[in-house]
Structure formats: C-alpha cells, structure tokens
Number of protein chains: 8
Amino acid sequence: MDIQQLKALLEAVATGNTTVDSASQALKDLPFAELPEARIDHHRALRCGFPEVVLCEGKTPEQVRSVGRELLEHGEVLLATRASVSHYQSLAQVAPDAHYHEQARLIVVDRRAEPPSEGHIVIATGGTADIPVAEEAAITAEVMGNRVTRLYDVGVAGVHRLLAHQELLHSARVIIAVAGMEGTLPSVVTGLVSVPVIGVPTSVGYGANFGGVSALLTMLNSCASGLAVVNIDNGFGAAAMASRINRTPAS
Amino acid sequence: MDIQQLKALLEAVATGNTTVDSASQALKDLPFAELPEARIDHHRALRCGFPEVVLCEGKTPEQVRSVGRELLEHGEVLLATRASVSHYQSLAQVAPDAHYHEQARLIVVDRRAEPPSEGHIVIATGGTADIPVAEEAAITAEVMGNRVTRLYDVGVAGVHRLLAHQELLHSARVIIAVAGMEGTLPSVVTGLVSVPVIGVPTSVGYGANFGGVSALLTMLNSCASGLAVVNIDNGFGAAAMASRINRTPAS
Amino acid sequence: MDIQQLKALLEAVATGNTTVDSASQALKDLPFAELPEARIDHHRALRCGFPEVVLCEGKTPEQVRSVGRELLEHGEVLLATRASVSHYQSLAQVAPDAHYHEQARLIVVDRRAEPPSEGHIVIATGGTADIPVAEEAAITAEVMGNRVTRLYDVGVAGVHRLLAHQELLHSARVIIAVAGMEGTLPSVVTGLVSVPVIGVPTSVGYGANFGGVSALLTMLNSCASGLAVVNIDNGFGAAAMASRINRTPAS
Amino acid sequence: MDIQQLKALLEAVATGNTTVDSASQALKDLPFAELPEARIDHHRALRCGFPEVVLCEGKTPEQVRSVGRELLEHGEVLLATRASVSHYQSLAQVAPDAHYHEQARLIVVDRRAEPPSEGHIVIATGGTADIPVAEEAAITAEVMGNRVTRLYDVGVAGVHRLLAHQELLHSARVIIAVAGMEGTLPSVVTGLVSVPVIGVPTSVGYGANFGGVSALLTMLNSCASGLAVVNIDNGFGAAAMASRINRTPAS
Amino acid sequence: MDIQQLKALLEAVATGNTTVDSASQALKDLPFAELPEARIDHHRALRCGFPEVVLCEGKTPEQVRSVGRELLEHGEVLLATRASVSHYQSLAQVAPDAHYHEQARLIVVDRRAEPPSEGHIVIATGGTADIPVAEEAAITAEVMGNRVTRLYDVGVAGVHRLLAHQELLHSARVIIAVAGMEGTLPSVVTGLVSVPVIGVPTSVGYGANFGGVSALLTMLNSCASGLAVVNIDNGFGAAAMASRINRTPAS
Amino acid sequence: MDIQQLKALLEAVATGNTTVDSASQALKDLPFAELPEARIDHHRALRCGFPEVVLCEGKTPEQVRSVGRELLEHGEVLLATRASVSHYQSLAQVAPDAHYHEQARLIVVDRRAEPPSEGHIVIATGGTADIPVAEEAAITAEVMGNRVTRLYDVGVAGVHRLLAHQELLHSARVIIAVAGMEGTLPSVVTGLVSVPVIGVPTSVGYGANFGGVSALLTMLNSCASGLAVVNIDNGFGAAAMASRINRTPAS
Amino acid sequence: MDIQQLKALLEAVATGNTTVDSASQALKDLPFAELPEARIDHHRALRCGFPEVVLCEGKTPEQVRSVGRELLEHGEVLLATRASVSHYQSLAQVAPDAHYHEQARLIVVDRRAEPPSEGHIVIATGGTADIPVAEEAAITAEVMGNRVTRLYDVGVAGVHRLLAHQELLHSARVIIAVAGMEGTLPSVVTGLVSVPVIGVPTSVGYGANFGGVSALLTMLNSCASGLAVVNIDNGFGAAAMASRINRTPAS
Amino acid sequence: MDIQQLKALLEAVATGNTTVDSASQALKDLPFAELPEARIDHHRALRCGFPEVVLCEGKTPEQVRSVGRELLEHGEVLLATRASVSHYQSLAQVAPDAHYHEQARLIVVDRRAEPPSEGHIVIATGGTADIPVAEEAAITAEVMGNRVTRLYDVGVAGVHRLLAHQELLHSARVIIAVAGMEGTLPSVVTGLVSVPVIGVPTSVGYGANFGGVSALLTMLNSCASGLAVVNIDNGFGAAAMASRINRTPAS
C-alpha cells in the first residue's frame, strides 16, 4: 500500500464511502498489526508459497502436537521435519492420518483432494549413505507439489554411472545433488546440464571431513557455474528452494 | 544419442545412406571424442546454456587475449571475470568492441543483434560496500539475457528500508541478496517472498568476520526456507544460477 | 576498606585504642590477606553486587552441598547453575527450601523477605528450542532482583511477528535476545530500539552451525550498534550483564 | 500504534475531527512508508538514540561526502568511522568544521551548542598498542554525549597497576576494557567492580593470536559475570553499547 | 577407441564385414552406455585393478548382504570395510566363507585358488593404539595381493627403536607409516629410505589433536620429500595406494 | 663418541689394551644397535631421567598388564596414565601393590625404599573442575620424586584469592598453573613470581571454549614472560616438564 | 651393521687384519658420527635416492650460493626450489650453467653426461592457473630422471575433456593431478586408471577456499581409492614422491 | 612490604614517631597504590627477575624512546623486542650505546660492569629459515645472563645430524628447540635428553602450515614428555622461560 492508496482509503472514510471497520480491517493487515495468533505465521502460505513447517528438533512431543493441531485447523497440509517416533506418536493423537517417514525423519499430513504435481525434480546422490538426506528432500518436494525422480548412488568414483543418465538429468527442471565425503557430484552434474542445480553436502564420511564441511567447501568452490548450496544435511532446505524454482512461472 | 539413434545411424551407414565420414563426424561429437580444440569447451553453450566464461585471475593478459579471440571466433558474446585493466587492454587489441566494467571487474563483448531479455531478477545489497559484488552479478545476469533491477543498501540494521520495497521484491522471478558482515539480508528477504533467493556472502567487514565466513554461515543456517548460497564474493556464480532459474520454462 | 576506614584505624593505633597487633591483624586482611575462608569469595556481594554463584558442572553433588551450605551461612540467596537433579537433591538436604528449575538447570534458594524488583528486562528468543537458555537468563535475572518479561518465538523468518511487539521492546531498560541457527534476532532488535541489547547465541541448529559458532559470528558482526554478546548458551552471563545495567543509577 | 488507536484515528477522519492530510501524515510515519529519502535512515536518532553513523571502509571519498552532506542537512552531529585522510579531505569540502582523529580513524562534525555530557565511562587498555581501538571508543562515546576517562596500559602482566585504580573503576557507570594478545583485562576488571563491563578484543599480537580470536575467546569464556563482548577492534561498537547503557534512566 | 578405430569400425559396417548389431554392441560399451547393471561398477577391476570395495558405514546389514552377493556372483574376492559384527553376520548368510577381522573392521571373502603375492609393503606404527588402523591397511594390502611385514610401536619418542630396523625398511618396495598424536613417524621414515612412503594420520590422542588433524598437518608439512598422505584413520586408502605402487611394473 | 675417541678405542684394541668384548660392549651401546628388547625403551630412565610411562588409552587391559609386568622386571617404579578401573584390575594381578588414583586416572607402583623428594612444585588451579587434571600432575610429580603443594580454586574472577598466596608461590622452584574456560591463571601467576610457570589448559567450560582451545590460546598469547604451555588436559606432561626443571642442578 | 659384524671387525683390528684407519673409516660411516660437513647431508643421495634439495624461501641469496657451491663440489646435479631471481643471480656467480625456471621458481644445475630418463609420469591440471605448481612438479621430476608428459587444463567442469585423454592416462606409471578451487580432478582421474595418483591441491581460488584447504579436503575425502596427497602448492613434493614410485623396481 | 615492616610502621604510629597521615600514605602504597610512575612496572626486576621488556610492535619510535629513557634511568639493562630500524634510531638518540640486532629484531642496552653468565642453554633449529627466531631467543637469553650455544640446521629430515650432537645436548641445563613446517625437532630432542626442552614453533613453511599452527600442534601433541611450548615465533618468550629455569637454584 503506497501513500496514494492510503490517502484514497482515508478519503473514502472521510466521505463515508468506507466504514471505519472495513478501513480498520484493511489497515490492520499491514505486517506489523497486533494479531492474537501472530506467533504462528498463518500468512506464510500466501507470502512464501507453503505453510509454516514444524522443526521438531528441540521441541517436546507435546509442543509438536500443539503446534500441529493449530496448523491443521487453518490448513490442509502439515510437514514436520527432524521428527522422532515419539514426535509422530504424539501428533498422531490429534491427526490419525499422519504418516511417518522414518528414514527421512518426516511427518506428513496431507488432506488435499488432489495434491498438485507440477514440474520435475531429479534428486541424485553420490552414495547409498546419502539416501536419508535425499529422502528428506524427495518427500518434502512431493508434499510441496513437485514431481520427483530419484537417481541414487551415481557418485563420481565411477563417473560412467552418471554419464549413463544424462537424458534423465536433462529432463529435470531443477536438480538436487546430494553428496558427502569429497562432495563432487553437484559439480559434475552442473557441468552436464543447463538447469539449476542445488548441492546438498552430507555429513557422511570420516577423518578430515569435519561433519560435512569438506563436501560443503567442495560445492562452494565448484568451477561449474549454475550451482548453489544449502546447509549440510539440509534436504528439507534444498527441496524448499527447488520447489520455489519449480513454481516460478515462465517469463 | 541413445541406442535407437545409434542403430539408425549405423543402418544408414550399412545401406549407404550415410557416408562413413559423416557418420564418423556425428559419432566423434560424442562427449569423449578427441577433438583438436577440445580444451576450449565450445559445446558448453548447448549443454549448459551459455558459452564458456573466462576467469582472468591466474591468467596472463596474453592468455586472456588468446582464449578470448578463439571464443569470439565461435560465438557472439564473451564474458571475462575478475579482470584487471591490463587483461582488458590486452583483449581490446583483438576485440575493440570490448567493454570494461571496472567496479565489477568484468569484460563484456556482445555482438548479438538483439540481446535477449527475459524474466526479472532483483539484486539487493545490505550496504554500499557490497556493490562491487552485486555489480558483478548484475552485469553477468544482463549479459546472460536477464532483466535486472538493482536495490542497493537496504540492510536490516534498519529493517524498514527493506519492507518499503516489498512490491518490487514480489515482482521478481528470482532474487539475489548480497550481504557482508552479519549477512542477514537473504534470510529476511526469503521470509518476505515466494520466489527463490540466492544469497551471496561478501568479504566486507572486519574482526571476526573471517573474510566473509561469518556471512556465509549466517546464510547457510538461515531459518527461512527457499534460500541457497554461493561462494563468498561470487557475484558471477549467483548470476549464473539465477539465469538458469530464469530460463527454466514453466512446467 | 576505604581510605577513611584506614585512617580511622591508624588514629586508633596512635591513640592507643587499638594495639599494634590487632591493627596489624586487620591490615593483613586487606584483599590479598590470608583468610581461612578466602577461597569462597564472601566479599563479592559488596564488590560485584551479587554473591558468588555456584557452577555445578564439574562439581560432585557433595561439593555443591558443601559450598552451598557455606554460602547460605553468610547470605540469604543462593544461585547454582548447570545443575543436575542429583546436585539439587544433595543441596536440598541442607537447604530444604531450595527450588529446582529443570529446563533452566538452575537451583535457587531465596530467603529475602522482599526480593527487590527494579527495572525491566525483556528476554526474546528466535525459536522454541532457544527457551532453555532463555529461561536460564530469565530466572537468573529474577533472582538478581529484576522484573522480567518473556517474549519467545519471535524469530526473523517472519519478521512481522517481532515488529508487532515494538511497544514492549521499547518499554525495556535492557533486552536479552537469544537465538540459534543464523542468530539474526539480536541485530534486528537492536535496530528497533534505543536500549542496550545483549545477544546470546545458542547451540541450536545443525550442519555448519558448529555448535553455535554461526550464531555467535552473526551477532559479533552485526551492523546494528548497541549490541554486545556473551558466550554460546550462556543465559546466566547475559542475565548478570543485564542485571548490572539495570542496577546502574541514572547519572 | 495499536488497533484501538488506529480505529480512533479513523473515527476522527470519519467525523471530520482530523483532516485526511494529517491522518495520512500520521499513518505514513509507519515504518514501511515509501519515503524518497528512505535509504538514509533519518528516523534512527529517534528510534535508536543517535543518528546513522557512516562506515567509510568500502566507500569512496565521494560517497562519504555525499552521504555526509545529506546527514548534516538533517542533523547537527556527524560521526564517520574507519575513515582515511582522503575520506576526511573529501568531506571537509562540504563540512569545513569537520575534525579528523587520525589514530582513531574517525571524522567528527559537532554543531550542537552544548554537547550533552552525562554518565561516566572508563576506558581501559591492556597495552599501548590497544590505544587506537580505545581512542575509537573514547571519541565515539564523547560524541554520543558521555563523559570519558582514559586508563591506558594497565594490563594484567603486572596486576598491581590495575588494582591501584580501583577507585576510578568503581566511579564509572560502565567500563570498556580493551585488550589484545591474551585478552585477560576485561575478566579481571569485571571481578573487581559491580558495573557492566564491555570487552573489546584487539588484533594486537602475533603467532597463535589469529588476528584477535585468542583475545575474543578469552573474553567469551570469562568466569567473571557481568561482561559482554563486541567484535575484534570494534571500539565504535563498544562505545555505542556503553552509550546506550549510560543513557538508560534509573528505574 | 580413437578416431582411427572408429572409422575402421564404420568402414566394416559399410562394407558388410560387421553387422549393425555387433557394431552397435561395440559402440554402446563406450563408458557412458546405459547398462542395466551400471550402478555396480563391474568394470572397476579392469579399470582400476581391484573390484569395487564395500564401505559398510552408512549401509544396513541387508544392503551389505545384497551388494556382497551381487559382487561375488561376478568375482572371486570381496572386501568390505568399516564393518560391524552385524554386517558380517548378514553377509555370512550368503557367503559362509567370509572372514571377519574385528580389530580392522574388515570382512574378507577370498575364493582365488592362489592369491597373488608380489612386492613387499612394510607397515609401521608409532604406538600400539595405532594398530587397528594399521591392521585395516595390512589386511587390505594382503587381500589386494601384496606381501606385508608389520613393524608396530616404533614411534620417535625413542628414535633408536626405529633406527634398529633400517634394514627392514630398506627392503620394502613401499612403506605405510601410521601415527597419531604428533604424527612424526612418516617424516623420520622418509628421511631414512629411498622408497615411497604413505603417511596415515590416526585420530589417536587428546587435547589439541583435533581428531587427528594435528598428525595430518605434521605429515603434510614434512620437510622430508617422498611422502604422501591419506585421510585420517584411512588404513584402507593407504593400502590401495600402496598396492597400486607395488603393482607398477618396472619401466 | 667422536672420531678421536673412536680411533683411540680402536688403537687400544689393536694394541691389546682393550679386549674385543669390552670394545664391543662400548660400541654396541650406540643408539642404533639391534637389541632384542628394543621396543620397550629400558634406556629411557638413563637417557631421560624416568622410566617409560604407560599410556593406557587405546591399550587393552591385557596389553597394559603385559607391558607393566615387563617394566617392573627391570625397575622399581611404574606409572600408567589415562587408566580405567579395568586397566588397574588387570595390572593388579601381576602387581598387587599397585595403587589406583581414580580422579587422576593414574596407576602407581612404587617399590623404592626411599622415594626421592627434592625441590618444591606448587600446583594451582583456577576452579574445582580443573582438579582431576591437577591431580594427574600432582601424583605424577610426586612419583617422579618432587615435593608438591596443591593450591586449588584460586582463579582470577576474584584475583584477591590468588594474591593472598604470594608467599607460597614464591617458595616454589616451579609452578604448574591449571585452568579451563578463559585460562587466565597462568598469566597472572607468571606476572607475580620469578620461577618458571607451566600452563595446563583444561577442557573445562562450554560454548566457544572448543574443548580447551580457548584456554590454550590465552596461555600461548600471554603477555607475561616466563610461561610455557603443554597440551590441553595434559597434567602428566606438565609434571614431567616440571620434574625435569626441578632436577636440574644449579649451574 | 649388527653386533656380529661389529665383533668381526674388531677381531680383525685386534689381529692386525684390518688397520685402525680403515676400521675407523668403516665405523665413522655410522649415521651419528661427528663429521665436519655433517650439516649438509651428503649421504642423502645414497639413502634417499637424490641429493639434498635447497629450499630458497627463508634463505638469503648468499646462503643459497654458499650451500649450492658446497653441494656442487660433491655432486653433478643441484635443485633449488621456491627461488627468486636474486637467488638465481647469486648462485649463477658460482654456477654459470645454472638455469632458472621462472614460473616454477626452480633453479637447476645438471652436469650429468646423460641424465637418466625412466618411467613415465603424467602431470594433469584442472585449470591454467594451476600451471606454476604443475611446472614445479614437472621440472623437478625431469631433473630427478623421469619422463614427463604435461596434460594441462582438463578440469571436471567439462568432464569430457578429461575422458578424451584416457589412453594417455593409462600409459603413465604414476599420475600427478594438480587442482585448486574444488580440487576434484585427482578423484576423477583415480577412478579412471589403475596406477597410483598423487593429488596436489593448489591455493588457486577465492572466497571459502581458504588458501587451498578446500581442495586439500576434497582430495583427502575422495571416494576413489589409489590416491594420496601432498601439501598445498607442493609440486616439488609430488614429484619427489612420484619419482620414488617410478624408480621402484618391479618385485 | 612484608609483615615485619608492617608491624614496624604501626609501632612508629603508636609511639608517635610517624604521623597518621604519613603512615596512611605509606600503606596506600601497598602494591595497588597510586604511584606516578606506576604504569612502568619498576618492581618487576625484583618480582620476576628481569626488568620490564619493551615490545616495540604497535608502538611509535617516540614511544619506544620515551619508555626506554625512563627504564634506563632506573636500571642498567634494556631489552626491546620486535624492533624496527626506526625504533632503534629513535632510541639511540637517548642511548648511544644501544645495539641493534637486525635479524633478531632486538635492541639491547647493557651497562652492567660484568654481565652475569650462569648455566648453559642450547638453542637448536630445524632449518636455516628458523634462525631469526632462534637469534631472538639466543640474544635475549644472553642479555638475561645465560651462556648460550647455538646448534642450527639439525632438522629431522636427516635425523643423523642431530644424533651427532648428543653430547652437546646433554651438557645443557635447558634446551630451546626451534622448528617450523612439521615442527618435529623438539619431540626428537626431548626423547634424547633428561633436561627440560622448550619448543618454539615458527611460521616458516607454506600450504597447510597455517602460519605455524602445524608446528605448534605437533609440539603440543608430542609423545615425548619433558617438553613445553611457547607461542609461534616467540623466541623471546622461550628465552625468558629458559632463563627462569636456568636461574632456579638447586633444591
């Protein structure tokens, strides 16, 4: 709302064309208004494209149940990340249709008649140990309405395995490449395709991998352009980024 | 070239519909063929959407001139990054229409009749000291065919300045947020919009900012989802990623 | 012993009202004197404004009980931090009125007739997982005689939530802002108010947050001036600093 | 402005008790209004207690002159930090009364009839090499209206030197302790007084001091409570924090 | 296949000397062809000299059994690293002749009539705590067909112990030197011999050894030339490198 | 033995003044001789002043028993560090007079008629949590024949506590100062005395203390000269250094 | 020389079968003998296969000349690394046949009639900026008697460039792979060949590459086995290792 | 002032021989007294065994001259470290007998009739590039009254060079071992002798030596006991420690 629109609204109040209540209603939607439910950010679906997601780590099962119940009263879909079984069991008491993905540590409640499915995301991993993080990304992306193809265990120790799937890679609108240890996969993938690639370093490895820092640095320093990176093990964040890219209308 | 196409080609050779030479020509274009000019990756424009870019840092002016001349023989556009004045002067001898962007340290040669301009990228910075990196991103994005709007000096020390530009932010197809010191800008921007955001940490700052690591960590650890990060001061990389996103056709 | 008291003592020696031996005894009690109870710093309440606080981590339950008993013989209030249940149970044997705050891991004994309550400290957190550290700060501040308002879960992923509470923030004499992951909250708060802000980074997060280092660096590199920082997860330290600020008389 | 006040204002517009223009004026002061001069945050003096400060590092002399001129059109005092001589010479063209403090790298313009001088800040350093950072703090604090006493070169290698000044330390409302190398000074000072102490690590030292990280860690890990820390070499930030503490009215 | 060979093949197709199917077969064996069994890299024995090795860490016992069975269908030898007892028990169900080396955490299946044994590798350790890593190296090297001599506990705190074994050291074709804490052993060994030395830092130690980083840095910074290093605790990697060296034919 | 001495010895053999056996005896004491018992360094007591010490960490109880038995066959005193109860129980089977110090994690066997006790070492700690490391130092020093005085919990948060013990500090021939968290104690002690001080950083603390690195850096960067440092938590190493200093005869 | 041999020698002296002088000569070759020229390690060529190499960094031109002259008096070949022009000019005064390789910063004097040339080392680089380090390796390897093929600018951003040279890679007896930025080249090469690969990380890059640490970590964490690593920018060390491998006789 | 002197003073007050005022004056001169010359710690020679040393780094030439003049008015010897030529030239104006040691960056003024020379310190270096740090140590030690023997360039790449000097090492009362790069020398020396060894890591090296951190970690993690460490490049600190050890009277 710019100053012109503001004056027009006030003129309408002054002339009686708008009631005080409806003007008040319009103005209180300004971002800073004191809403009773402010702490749960119900506007986020509108503003950012998907409802608030519940990070279970650091929350008690009771807190997750309470937040989950409130979110489900205002929406049809719920995603909770880094969830333990006890988080799930607690939430299931108020949402019996909740589904728990153990490997990905996600809880999903999806009550939409027809979940959207647009665009195509390919999720590749360097090794099998990267799969839990990839699954966090894959299920998150599906819940957010994207079509997902999994391409696991195509690391560059044998670069031939990856080259064999070039066609699939070219078909994606965005690619998520998940890799631990040396973390080279995203670089090589980026050099093969023209779509954006999101690198996810994982904490898989030992010795001087420093909990994933080695893979993170590899990706940040990639010579291949068209690659951006999210935090170590952050499959959820990669899916959220990919989903925003996928949703972007053609210009 | 998949196995079907390969057989079809061979049938054509067997039946004489294709000469050995032209089949050989087609097959040697397979990625691993021994081409004399192999070191310059002329296929990249097809494969990755933009011709090979010249990183001047670590190259002599003569090397830049030589590589530049060869690239311009095969294409209409040339982008050279991290370029010094002497890199520019050397290249200008073979490309008098080269243009040097001093602050962004870029050399651009653009001989296209009608440079494409699709999509809309907003590039925001936290402070004025971040502008050189932002300009590297902005000019790169423009050369790559994107429409760019600059929104500089809107850091979160006064978060009001940013909120005043929400409409502009919403109009972008992708946003590049450049920030040094604490590096908070990308997080706050990501919380305000539904399009993908690319964070670029800069090495601006002093004390415990460790040449930009502080800003990098802030962005990697952002609570806001829909944000991915490129290397410190890597305006070029952010533009390349944004350009790939921008080019992505709607599904 | 200030200079007045010193002169009075010497006058007493000069007039014979005090023997040389007893004066000598008194003088060697100057801060560096060898007092039997020297190891417990009973003078600290006078010197620093609050009695010595017991850090339970690294002490056995017996050690905590022994130190606690001695402190309570000389004072009316006892604060023990980083306390486990067994520390509490051991101390409760000699102080049945001890109270254990599990989430904040604090033991409090308060025998003052009328605990002081001056000034107003607002304690804000970015997320719910930061609450244990915030509670350590809140209860410590209350025991130290401050009035505390808790404002939890107002992180900047949705900056609107914070802006809605500007009035409360302005009412504080000092603000403690607790945040993990990217750790942006203190910066944004500092930009909104004119009172001093104390940032507390927490170890909440994963990936490249390095046990809270990411949030710590964010706060140290803040562009907003009027912010100082304590150690990661150090709610107690923040409260001690805030309490000193709060106690400071107007000039 | 809460929802009650908003409705009251709108009622006044509806009843003609307030004109559209004055209501518009009141409402456009809301933080998000599109003001032409928005990028310079003229409201900060009201909101945060001191006008925006110019960080010269990373700005050209022309940029500093331009920003400086604009700030001086709206205010009586200007502070520019990390300033070089050429920054000063450029600014002096539009503000001949500017004063350059070389050691502290500050430019000050002060046109107030009677600069305020409230409260008392003691600024102590461990060594003589810490003085430039201390001077940045001292002059900043003075410009912000505080009374400052300098107590330099009282490091703990000879702890007696510090103990000799206990009376002065006790007289301060807040103390800034500046130290490089091992960075012990703030800890020892905090243990001696009851007022808040702000530690400023400096990059003074060599070997494993890592540009001030050693001193920073010492201060963050201090056993003494009542101490908070700002970034390495950030004398300005320490003064801004101290000034906010000093300004705080007694409760 | 170079361009000459390619043309020859096509000529053969054109002249009917080769059928389309067999030419197609030959061409699809190019490294990037889509083979059904592509994910398990059966070509690696040819390409790299030893079949694919199974890293058990991050794999379930079921995954190890499944991969192991498939590898044994195509080969006579299987090596699985970082294996737990349950990995072994699962694999033993399909390979009863599997042998588990607990200290080295290796599973070995060796069905070769006459395992090769060429060259001589000496594996030395600084202390007894380095033995598990050394055993991982020793058994891996033996399975890969090398003759191994173990020389354990010859660290440089008493450099005499090492000097007493110079003759043995000189007899090796390559030496693996395993050391934690300060990690000096490889340097001293390298200065004594003329054969290549592979240093393996171990995570043995405490305090500022940072999980083996101290030993790693010592080895990387060695003044003695003729030394290269593998990752911390990576006995397997050292053996693989040594085995390649050992296999190298004399020129 | 220099070349002159060598020739003289050989002349004596040639002239029959020395037998082959006694010359052989003299020459085989050269450090590199192949002795069967070489791995256990029985010469160390002569060379370095104390028999080889057993580091239990990383050894099995059986290994400790075996090494211990062998050492006791050649000597009267045994020291084993980082020992668990099961290490002790295993060793006690062959050395029933072994004594286990639980807090210091040391096993001691001392069969000397009259343990030497020369010189005076003061061992000071900053807090009570540093005591286990201090005890490792104290008992080690006693076993090595030094007289030890413990001065625990005199950290600099209240610097008066330390100043009260100046006389004791001055009476020592060498001081070991043990401190975690900020690690300031050794600096302050060094500034007070003229004897050498050995700093031992401990891993006590939390937040940005990085397992003792904070205290280590403080000590390395101390402005006070006359201080050297051993590894984090290395009480044994400090005692070994102090013991060497203490044994040094006056020049 | 073992104890048997020693006695035999002494018997020979006693019986007059050996003169004192020749026995003395034999014994003074023991490694620890006091030779006047001991500081320059003339035995190294025998012990380690190549004469001592002069590291110029940190030496004055005079020191380099002096050491060089002495080495050339005892040998036919001299290699000096990290040499500046002034080091060269100083050395050329005593060795006019010295040759200076500017890019590689090497000085070479080679007076051998027929320099040996055995084995085949391929040296590959990821980019052109890695060439100085690669040249240091290449010239060092040549001086040490190896045949070298350079394969520069084959980084994995376009993995096809590398695959085109597989035949060359297979022909090497050992490969040195030099790469900065992400440092992926050695991994990919190792996966393609069966010979040992030595990775050399370079400090080429910017942002979070930390002077080559990023590339170093990538190589240490490589999933490909048969790869070992030398220090950042240490082309000399890689060549020394490769040369030892190359010299190794077949078993 | 000890307890005897205190009683004497009080007796004088009691008997009227001293007025209350002058006694009061004397007592407030206790270590914390406000002396005009307090900042220069003239008592240090008594307390710590050597007068205050001037660290020139971070001081202007004028400051060094001023401090130097004052110190020379109260003493016969002056040591200034990290001194540049201009520091020297400035000091020479007031102390024409000052001597400048360029390599060691020390200024020495020594007016003692007969400089003491007790004990024997051996200072060894690994390479020639470590000599400046070793000279800082050597000259400092000499000025502090110790007899010094230099043993340079005996690094462990050829461990024989060191073994040849065992007799010299055994003759020392304390050894300072200076080494960069891998930093192994102190460990090996400590294993050879029974006297205390002080390790000085130097910043000599490149690649992953991190300005000396590699050598520092090697020394801290040494398996050899009887070794303590000072900061990187801190030759002065090592000499101060060695001097304290050397001065220590036999017990």
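The structure this text deals with has already been given above.
Reading the values: rules and limits
- Residues numbered from 1 in each chain as written.
- Chains lettered and ligands numbered in written order.
- Predicted model: local features only at pLDDT ≥ 70, side-chain atom pairs only at ≥ 80, totals over all residues.
- Heavy atoms only, no water.
- Helix = DSSP H or I, 4+ residues; strand = E, 2+ residues; numbered from the N terminus.
- Buried < 20%, exposed > 50% of the residue type's maximum accessible area, 1.4 Å probe, protein only.
- Contact = heavy atoms within 4.5 Å.
- Areas by Shrake-Rupley, 256 points an atom, 1.4 Å probe, with all protein chains shown as cover.
- Phe/Tyr/Trp six-rings, centres within 6.5 Å; stacked < 30°, edge-to-face > 60°.
- Pairing = 2+ DSSP bridges.
- Axes fitted to C-alpha atoms, helices over the stretch in contact; angles between N-to-C directions.
- Salt bridge = Lys/Arg side-chain N within 4 Å of Asp/Glu carboxyl O.

Trainee: Looking at this model, I keep getting lost on the overall build of chain A. Mind explaining?
Mentor: Scanning chain A from N- to C-terminus turns up 11 helices and nine strands. Burial statistics for chain A: of 251 residues in total, 62% are counted as buried. Within chain A, contacts between residues separated by at least 24 positions form 65% of all contacts whose residues are at least 6 apart in sequence. Total accessible area on chain A is roughly 8700 Å²; 51% of this is exposed by carbon and sulfur atoms.

Trainee: Explanation requested: the packing of aromatic side chains in the structure shown.
Mentor: Given two aromatic rings, their pairing is described by the distance between the two centres and the angle made by the two planes. Residue and element names in this part refer to chain A. Under the counting rule described, the total for this entry stands at eight aromatic pairs over all chains. Ring centres of Tyr-88 and Tyr-100 lie 5.4 Å apart, and the angle between their planes is 20°; on these two criteria the pair is classed as stacked. Of this pair, Tyr-88 sits in helix H5 (residues 85-92) while Tyr-100 is found in strand S3 (residues 99-101), placing the two residues 12 residues apart along the sequence. Accessibility expressed as a relative area gives 17% for Tyr-100, which makes it buried.

Trainee: Help me out: how do you make sense of the sheet that holds strand S4 (residues 106-110) of chain H in this one?
Mentor: Backbone hydrogen bonds are what pair the strands of a sheet, in a parallel or an antiparallel way. Residue and element names in this part refer to chain H. Strand order in the open sheet formed by four strands is S1-S2-S4-S3, with mixed pairing between adjacent strands. Edge positions in the sheet fall to strand S1 (54-55) and strand S3 (99-101), since each has one partner strand and no second. Strand direction decides the pairing type here: S3 and S4, joined by three bridges, are antiparallel. Bridging from a neighbouring strand, His-101 pairs with Leu-106 of S4. Helix H4 (residues 61-74) rests against S1, strand S2 (77-81) and S4 of the sheet, and its axis sits at about 155° to S2.

Trainee: Honestly, helix H10 (residues 213-220) of chain A in this entry has me stumped. Any pointers?
Mentor: Helical periodicity: at 3.6 residues per turn, an α-helix aligns residues three or four positions apart in one direction. The element H10 of chain A is extensively covered by neighbouring structure, given that eight of its eight residues are classed as buried. Taken as a whole, H10 of chain A has its buried residues at Val-213, Ser-214, Ala-215, Leu-216, Leu-217, Thr-218, Met-219 and Leu-220 of chain A.

Trainee: Looking at this model, I keep getting lost on unusual backbone geometry. Mind explaining?
Mentor: For residues besides glycine, phi is generally negative; the peptide bonds are generally trans as well. Within the chain, Arg-105 of chain D stands out as a residue other than glycine whose phi angle is a positive 55°. Residue position: Arg-105 of chain D is located in the loop between strand S3 (99-101) and strand S4 (106-110). A positive phi angle, close to 65°, is found at Asp-233 of chain G, a residue other than glycine. Along the chain, Asp-233 of chain G falls in the loop between strand S9 (227-229) and helix H11 (235-247). Residue classification places Asp-233 of chain G among the buried residues on the basis of a relative accessible area of 17%.

Trainee: Sorry if this is basic, but what is going on with the sheet that holds S3 of chain A here?
Mentor: Residues and elements named next belong to chain A. Reading across from one edge, S1-S2-S4-S3 is the order of the four strands in this open sheet, with mixed pairing throughout. Looking along the sheet, the strands with just one partner apiece sit at the ends: strand S1 (54-55) and S3. Judged from the four bridges that link them, strand S2 (residues 77-81) and strand S4 (residues 106-110) form a sheet pairing that is antiparallel. Bridge assignment links Leu-78 to a residue of S4, and that residue is Val-109. Its contacts with the sheet put helix H4 (residues 61-74) on S1, S2 and S4, and the angle it makes with S2 is roughly 155°.

Trainee: Mind showing me how you'd approach the pattern of salt bridges here?
Mentor: Side-chain pairs of opposite charge can arise where the charged atoms are in close proximity. Tallied over the full model, the rule gives 48 salt bridges over all chains. The salt bridge partner of Glu-142 of chain B is Arg-150 of chain B, with a shortest N-O separation of 3.1 Å. Residues Glu-135 of chain D and Arg-150 of chain D are paired through a salt bridge, measuring 2.6 Å at the closest nitrogen-oxygen approach. Separated by 15 residues along the polypeptide, Glu-135 of chain D in helix H6 (residues 131-143) and Arg-150 of chain D in strand S6 (residues 146-151) bring together distant segments of the chain. In this structure, a network of salt bridges that share partners links the residues Glu-135, Glu-142 and Arg-150 of chain A.

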